[in-house]
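Now for the letters of each chain:
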Amino acid sequence: MTIIEAEAELRPPRHEALTSINTSFSQEWPKLQLYWDSVSLGALKTCPRYYYYAIICGLRGRTDSVHLTFGLAYHFALETYDRHRALDASHREAMREAVRAALTYTWNPELQRPWSSDDTYKNRETLVRTVVWYLDKFGEEDPLRTLILQNGKPAVELSFRFELELAAPTSDPDEEYFYCGHLDKVAYFHDQLWIVDRKTTKHSISQDFFERFSPDNQMSGYYTAGTYILRSEPIRGIMIDAAQVQVNASQFQRGFVHRTPEQLEEWLTDVRFYLRLNETFVRADYWPQNDKACNSYISEANPYGCPFRPICGVSASIRPSVIKSLYQKHVWDPRQTREV
Amino acid sequence: MSDQLEITGPTPLREADPFSLDELFDRVNRGLAAGLPEAVEESDLDGVVERLQAARLRYVTEGEAKARAKDSGEKGAKRKKAVKSVAEALVLDIDEL
């Protein structure tokens, strides 16, 4: 079966510089975000103040997250493999290019040295090992067959954008809300179409790992996007393609996530509710703290909780100096960036 | 179930290929430092792949061997229990005699 309609606008390469201006915001109300993705929406849902610092102010810690770098590099390497295979490269040739992509991505041309990670689980060596072991296990005989779009390109890093059918409160009639993102891959599995999302973790992958994706903001967004951009073929579900990165080995497991039309409608209703709530914050120019969420951000990437705890934990008068010393500017623009 | 593990591993290492994985990484880094895509040798990338494939094969093989050993150990324990039961029954018969 072929795709009749698809927004197959492939995401531009990662090395293109981010604009310092966030194009996802209103021209008329500079703090009103119009283009949302799961990162920005998730931030708002967790804590409005976290959203304010991360997205409106565009702040990020001065040290790069090893998990973010590892995840992006892993995605890029496997995307490279898929693209080469779609161009009829052999498995061996495509794997070579995937390794080249992983090593190039983790090379700093300015400092003329490789990415330095002191994490024993996620570093350049375990990255390349994970890529090779994954492709060794799945590459040549993978039951997943990447969908080839009508333009002949593989459905990898598939950008999407759809209207949320909610007008913005500005006077510009063209300003409305959109939801954006990028699907890692769309592929056939046993003749049914699946959205494939890749995840890396250092923890063991069990049924519990897959159950945490229902409900889940990111997966509901992907599922909704799939129903919009793949209209001629129903999506069977989302396949979580998980990699456990250990110190001396990498293991892989695939699990499945499903949504009913009712669940997707409920998610959309919730999204519109949150956007209207954000309008309240924008009008007041104030985003309140959710001080019950400070520990919600405990994860591999943030083992001590919310990364903005150093800001919220001090008096407002001291915060500018804390921000200046501990954070750097990093624009998160859903119209341009991706997440892992 | 065959006792022989069919090994279908990576392509054999090239003869007279002296570089370790770390050395291959260093060679790739020198190519990247040169700033030209062609400076990274395809043979070095293939070498990285082959060494990591060999490591995976060792890991998988060792894992299967451990699983078989564990399985044999469990069967042995059951056999030991069955033998003990028979021996105890025999003793009783002798006493009755």
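Owing to the predicted nature of the structure, the values given are computational and were not obtained by experimental measurement.

1. Things to note about the confidence of the model for chain A
Move 1: This prediction gives chain A a mean pLDDT of 89; 91% of its residues lie at or above 70.
Move 2: Of the regions scoring below 50 in pLDDT, residues 1-19 of chain A engages in 53 contacts with residues more than four places distant in sequence or in other chains.

2. Re the pattern of salt bridges
Move 1: For the structure on display, the rule yields 17 salt bridges over all chains.
Move 2: One salt bridge in this structure joins Asp136(A) and Arg56(B), with 3.2 Å as the shortest N-O distance. Note that Asp136(A) is positioned in helix α5 (residues 124-139) and Arg56(B) in helix α2 (residues 42-96), a pairing that runs across two chains.
Move 3: A residue is classified by how much of its surface remains accessible, and Asp136(A), at 27% relative accessible area, is partly exposed.

3. What about the packing of aromatic side chains?
All names here are of chain A.
Move 1: Evaluated as defined, the whole model comprises 24 aromatic pairs over all chains.
Move 2: Taking 6.2 Å as the distance between ring centres and 15 degrees as the angle between the ring planes, the aromatic pair formed by Phe160 and Phe162 counts as stacked.
Move 3: When its relative accessible area of 3% is taken as the criterion, Phe160 is described as buried.
Move 4: The class for Phe162 is buried, based on a relative accessible area of 5%.
Move 5: Here the aromatic rings of Trp194 and Phe256 are separated by 4.8 Å at their centres, their planes lie at 50 degrees, and the arrangement is tilted. Placement of Trp194 in strand β8 (residues 192-201) and of Phe256 in strand β10 (residues 250-257) is noted, with a sequence separation of 62 residues between them.
Move 6: Taking relative accessible area as the criterion, Trp194 reaches 5% and is therefore assigned buried.
Move 7: On the basis of relative accessible area, Phe256 is assigned to the partly exposed category, the value being 38%.

4. Overview of the interface of chain B and chain A
Move 1: At the junction of the two partners, chain B supplies 19 residues and chain A supplies 21 residues.
Move 2: Note that Asp46(B) and Arg96(A) form a salt bridge whose closest N and O atoms lie 2.9 Å from each other.
Move 3: Sorting the residues of the side of chain B that touches chain A by element identifies α1 (21-34) and α2 of chain B as the ones contributing at least two each.
Move 4: The dominant element in the side of chain B that touches chain A, judged by the number of residues it contributes, is α2(B), at 11 residues.
Move 5: Classifying every residue of the side of chain B that touches chain A gives 12 nonpolar, 3 polar and 4 charged.

5. Let's talk about the packing of α5(A) against α1(B)
Move 1: At a minimum axis separation of 13 Å, α5(A) and α1(B) run at an interaxial angle of 100 degrees. For the element pair α5(A) / α1(B), the angle class is roughly perpendicular. Together, Arg124(A), Glu125(A) and Val128(A) of α5(A) and Phe25(B), Asn29(B) and Leu32(B) of α1(B) make up the contact between the two elements.
Move 2: Among the residues forming the contact of α5(A) with α1(B), the class breakdown is 3 nonpolar, 1 polar and 2 charged.

Quick notes on the rules
- Residues numbered from 1 in each chain as written.
- Chains lettered and ligands numbered in written order.
- Predicted model: local features only at pLDDT ≥ 70, side-chain atom pairs only at ≥ 80, totals over all residues.
- Heavy atoms only, no water.
- pLDDT = per-residue confidence, 0-100.
- Contact = heavy atoms within 4.5 Å.
- Salt bridge = Lys/Arg side-chain N within 4 Å of Asp/Glu carboxyl O.
- Helix = DSSP H or I, 4+ residues; strand = E, 2+ residues; numbered from the N terminus.
- Buried < 20%, exposed > 50% of the residue type's maximum accessible area, 1.4 Å probe, protein only.
- Phe/Tyr/Trp six-rings, centres within 6.5 Å; stacked < 30°, edge-to-face > 60°.
- Nonpolar A, V, L, I, M, F, W, Y, C, P; charged D, E, K, R; others polar.
- Axes fitted to C-alpha atoms, helices over the stretch in contact; angles between N-to-C directions.
- Parallel < 35°, antiparallel > 145°, perpendicular 65-115°, else oblique.

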